[in-house]
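Topology and contacts: notes
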Amino acid sequence: MSKRKLKIATWNINSVRLRIELVKDLLASEKPDVLCLQEIKCVDDAFPLKDFHKAGYEHIAIHGQKGYHGVAIVSRIPFTRSDKRDFCDKGDARHVSVDLDIPGGLTVHNFYVPAGGDEPDREVNEKFGHKLDFLQEMTDWYTSHKKKDTSRMVLVGDLNIAPLENDVWDHKKLLKVVSHTPLEVEMMNRLIASHSWIDVMRQFVPENEKLYSWWSYRAKDWDAADKGRRLDHVWVTPALKDAAKEMKIIREARGWERASDHVPVIVTLAV
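Reference entry: report on the structure contained in this document.

**A word on the overall build of the chain**
Helix and strand counts for the chain stand at six helices and 14 strands. What you see for the chain is a C-alpha radius of gyration of 17 Å, in line with the 18 Å of a compact globule of 271 residues. By its C-alpha atoms, the chain is 50 × 45 × 40 Å across when sized along the principal axes. Counting only residues that meet the buried cut, the chain has 55% of its 271 residues in that class. Counted over contacts in the chain with a minimum sequence separation of 6, partners at least 24 positions apart contribute 68%. Computing the positive centroid from 42 side-chain charges and the negative centroid from 42, the chain places the two 2 Å apart.

The structure is reproduced here in structure tokens:
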């Protein structure tokens with residue numbers, strides 16, 4: 001039986017209403033089957049449904065929040081189920097998942113992990129403590145419902161950690177900077193082990209090569225400075241370890257007018 005190709009995009013849009021034209025351009029040019037957005041920064045009722053419907057994305061799951069956070073999944077493919085979880089019981093909208101209505105089924109989890117503030121010490125920085133607790137709860141959750149090699153799941157999103165040396169512009173300089181500290185990397189590795197997740201992006205770009213998806217607004221010329229980090233991720237469970245056929249980062253999106261500081265990551269799977 002021939003497998004269908006499934007194109008999944010993930011993008012921290014940093015306000016979906018502010019940047020809806022950029023989103024529409026991406027949908028028109030790349031035509032993903034599924035788009036996962038983070039930091040939509042609006043309540044469910046304010047989400048621009050009509051724009052997505054007009055673009056051909058009729059199936060939408062939203063976990064919104066006024067002014068902050070918020071995640072959404074828009075799709076050409078119907079859902080058999082959607083869900084959202086309030087990690088750490090803070091009322092933050094940081095997770096949404098859907099089961100896609102395709103043969104064999106497939107679950108997509110979309111996350112926006114807390115950034116963690118500026119100081120990598122939970123004793124003086126509550127935001128960093130929240131980030132660590134969030135990662136631990138994710139790890140416990142996936143460990144508790146692990147189904148060895150049978151579950152077909154994709155986890156995407158802005159996970160706010162650049163775990164590998166070449167996921168940042170300067171490994172040594174950033175070892176004490178939130179997003180690349182040894183503690184955060186250790187916790188991400190535990191999370192990966194919790195369900196034997198596979199890092200799809202690094203299936204295409206070797207670990208000894210630089211790979212970024214985020215460039216700070218603080219850089220006057222982000223492209224020339226190229227002080228990036230890979231904060232956005234696409235993982236799959238072992239059942240899909242050979243499914244990834246293509247991966248690309250839309251680097252030029254960082255230079256679009258009124259751009260997000262993150263750029264889209266797109267993966268094509270044979271499922």
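Moving on from the coordinates now.
**Quick look at the sheet that holds strand S2 (residues 34–38)**
Hydrogen bonds between backbone groups are what pair the strands of a sheet, and the pairing can be parallel or antiparallel. Read from one edge to the other, the open sheet built from six strands follows the order S3-S4-S2-S1-S14-S13, with strand pairing classed as mixed. Both outer strands of the open sheet, strand S3 (59–63) and strand S13 (244–249), are each paired with one neighbouring strand and no more. Averaged over all adjacent pairs, the angle separating strand axes in this sheet is 10°, with direction ignored. Here S2 pairs with strand S4 (residues 71–75) via five bridges, running antiparallel. For Val34, the partnering residue across the bridge sits in S4 and is Ser75. Contacting strand S1 (5–12), S2, S13 and strand S14 (265–270), helix H1 (residues 20–30) crosses the sheet at an angle of about 160° to S1.

**Things to note about the environment of Asp89**
Turning to its location among the elements, Asp89 is positioned in the loop between strand S5 (79–83) and strand S6 (95–100). Once the C-alpha coordinates of Asp89 and Leu135 are considered, the two residues, 46 residues apart in sequence, prove to be 13 Å apart.

Procedures and definitions
- Residues numbered from 1 in each chain as written.
- Predicted model: local features only at pLDDT ≥ 70, side-chain atom pairs only at ≥ 80, totals over all residues.
- Heavy atoms only, no water.
- Helix = DSSP H or I, 4+ residues; strand = E, 2+ residues; numbered from the N terminus.
- Rg over C-alpha atoms; globule rule 2.2 N^0.38 Å.
- Buried < 20%, exposed > 50% of the residue type's maximum accessible area, 1.4 Å probe, protein only.
- Contact = heavy atoms within 4.5 Å.
- Lys, Arg positive; Asp, Glu negative; His and termini not counted.
- Charge placed at Lys NZ, Arg CZ, Asp CG, Glu CD.
- Pairing = 2+ DSSP bridges.
- Axes fitted to C-alpha atoms, helices over the stretch in contact; angles between N-to-C directions.

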